[in-house]
Every structure is written in C-alpha cells, then in structure tokens.
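# Structural overview for review
One letter stands for each residue in the lines below.
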Amino acid sequence: MAKKEVMIVTGAGQISMAIARRMGYGKKIVMGDKNLENAKAIAGVMNQAGFDVEPVEMDLSSRESIQALIAKALEYGEIKMLVNGAGVSPSQAPVEAILKVDLYGTAVLLEEVGKVIAEGGVGVTISSQSGWRMPQLTAEEDAALATTPTEELLQALHPAAGAYQGHASRISAGKALQ
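All values reported here derive from a predicted model rather than from experimental measurement. (Residues numbered from 1 in each chain as written. Predicted model: local features only at pLDDT ≥ 70, side-chain atom pairs only at ≥ 80, totals over all residues. Heavy atoms only, no water.)

## Points about the packing of helix α3 (residues 63-76) against helix α4 (residues 95-116)
Formally: Axis lines are fitted through C-alpha atoms, for helices just across the contact stretch, and the angle between N-to-C directions can take any value from 0 to 180 degrees. Each helix is a run of H or I in the DSSP string that is no shorter than four residues. Each strand is a run of E no shorter than two, and both are numbered from the N terminus. In this scheme, a crossing is called left-handed if the near helix is turned counterclockwise away from the far one by less than a right angle; it is called right-handed if the turn is clockwise. Contacts are assigned to residue pairs that have any heavy atoms within 4.5 Å of one another. Under the convention adopted here, Pro, Cys and the residues Ala, Val, Leu, Ile, Met, Phe, Trp and Tyr are nonpolar, Asp, Glu, Lys and Arg are charged, and Gly plus all remaining residues are polar.
Direction vectors running N to C along α3 and α4 enclose 35 degrees, while the axes themselves pass 10 Å from each other. The hand of the α3/α4 crossing is right-handed. Contact with α3, carried on its side by Arg 63, Ile 66, Gln 67, Ile 70 and Leu 74, involves Tyr 104, Gly 105, Val 108, Leu 109, Glu 111, Glu 112, Val 113 and Val 116 of α4 and no other residues of that element. Grouping the amino acids of the contact of α3 with α4 by side-chain chemistry returns eight nonpolar, two polar and three charged.

## Considerations on α4
Where we set the bar: To estimate the expected span of a helix, subtract one from its residue number and multiply by 1.5 Å. Bending is quantified residue by residue as the angle between axes fitted to the seven-residue window ending at that residue and the seven-residue window starting at it.
The end-to-end C-alpha distance of α4, which contains 22 residues, comes to 31 Å, matching closely the 32 Å that a straight helix rising 1.5 Å per residue would cover. A maximum bend of about 35 degrees is found in α4 at Gly 105.

## A short note on α3
Counted only if it meets this: A 1.4 Å probe rolled over the protein chains alone gives each residue an accessible area, and that area as a share of the maximum for its type sets the label: buried under 20%, exposed over 50%, partly exposed in between. An arc is given here, and it is the one of the directions from the helix axis to the C-beta atoms.
Its 14 residues give α3 an end-to-end C-alpha distance of 21 Å, which sits within 8% of 20 Å, the value for a rise of 1.5 Å per residue. Of all the positions in α3, only Arg 63, Ser 65, Ile 66, Leu 69, Ile 70, Ala 73 and Tyr 76 are classed as buried. Here the buried residues of α3 occupy an arc of 165 degrees about the axis, which is enough to place them on one side. Those residues of α3 hidden inside the fold are in contact with β1 (6-10), β2 (28-33), β3 (52-57), β4 (79-84) and α4. Immediately beyond the C-terminal end of α3, within one or two residues, lies Gly 77, with a positive phi of roughly 150 degrees.

## Some points on the nonpolar core
As a reminder, the rule being used: To qualify as a nonpolar core, a set must consist of buried Ala, Val, Leu, Ile, Met, Phe, Trp, Tyr and Cys residues joined through side-chain atoms within 4.5 Å.
If you look at the biggest cluster of nonpolar residues, it comprises 21 residues, and the most contacted ones within it are Ile 8, Val 30, Leu 60, Ile 66, Ile 79 and Val 113. Per-element tally for this core: the top contributor is α4, with six residues. Counting residues in each nonpolar core, the second largest holds 15 residues, with Ala 20, Ile 29, Ile 42 and Met 81 among its members.

## Quick look at the pairing of β2
Rule in force here: The criterion for strand pairing is that DSSP finds at least two bridges linking the strands in question. Seen with its strands pointing away from the viewer, a crossover is right-handed if its path from the first strand over the helix to the second goes clockwise.
Counting buried positions along β2 gives six out of six residues, so the element sits mostly inside the fold. Of the two faces of β2, the one holding Lys 28, Val 30 and Gly 32 and the one holding Ile 29, Met 31 and Asp 33 are both buried throughout. Sheet analysis places β1 next to β2, joined by five bridges and oriented parallel. Considered in β2, the bridge of Ile 8 is made with Val 30. Considered for its hand, the β-α-β crossover made up of β1, helix α1 (residues 14-23) and β2 is right-handed. In this sheet, β3 lies alongside β2 in parallel orientation, the contact comprising six bridges. Residue Val 30 lies in a different strand from β3, and its bridge partner there is Glu 54. On the question of chirality, the crossover connecting β2 to the parallel β3 by way of helix α2 (residues 36-48) is right-handed.

Set out below in structure tokens:
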C-alpha cells in the first residue's frame, strides 16, 4: 500500500466533514467517532465524492481509544493534520461527561497526536459556544489549565467545572501543537 499524508478527524459531524472536504483531498482521512454508524455515514458521503476516508470507532474520553485511532492512522502514513470536532454539550450530557470528553479527551488527543504528528503538521479543535456562558477565567485558572498534567485535569478542575468547558479546549490546543 502506498503511503499518503494522513488527516485524523474526530467527531463525524457536518463541521468536521466540511473541514475535511476542504483540507483533506489527496490525503488518507481517518474519521473517528464514538458512534461508528456516524463515521461510516460521513465516510460514505466523502468516499463517493472522491475522498479516501476510513471510518473508525473511537471514544474521545478514552486514552486507549485515542491511541488506537492514532495507530490506525499511522498504518496509512505520516499524520499531517488533526481536526478535532468531537465533543458534547450541556444539552447532551451532564457536566462530568462533558469534562471527560471536552477537557480530558481533547487534552489527551492533543498530547498523543503531538507525539507523532509530522514536522509542519497542523491541528484545529472546534470548541462549543458553551464556553462563553461562564465568566472569563482568571490568570491563575488559565495557568492551571495550561500546566496541569493531563491525568490530573479532572480532579484539579472539577470544582469549577462549568467555567472550564470551552476554555480548556482552546488552551490545550494552543499548548499541545506549538
């Protein structure tokens, strides 16, 4: 099998698909979603349009699942792009689940992809508008989000859970792929 540049996409939704269609032509796209049927549906639409998309079941709240997604992507070639469109909102899940996916999962994804992304690789994380519902974070809170080890994020930040939902994704994304 000829190796291609690879784009990892998480969250098989319309925004992720739009970004993948714009940036992924000629690349192998590995489309991960917790619901494999969603990933298959998006992959089907894109493959019919001439893209090369492989649907994969993955759970953004699981380090092991994220690592398996990355391992699958590396089978096809060098990872050059990451599009993280996976997430849950307050209308879909309780705060604990939101933090496990949107905060912890995003931090793990960026950490793990950051270990293997090709030189010059790029990534984008799509954040919900829910992060704007809470007051702005203090400098101390921003520093804690940027420096707390990934495995400690949920314990360290849970008391003020609501304030961290959207902000955490933006801070983690900037740190991990610099």
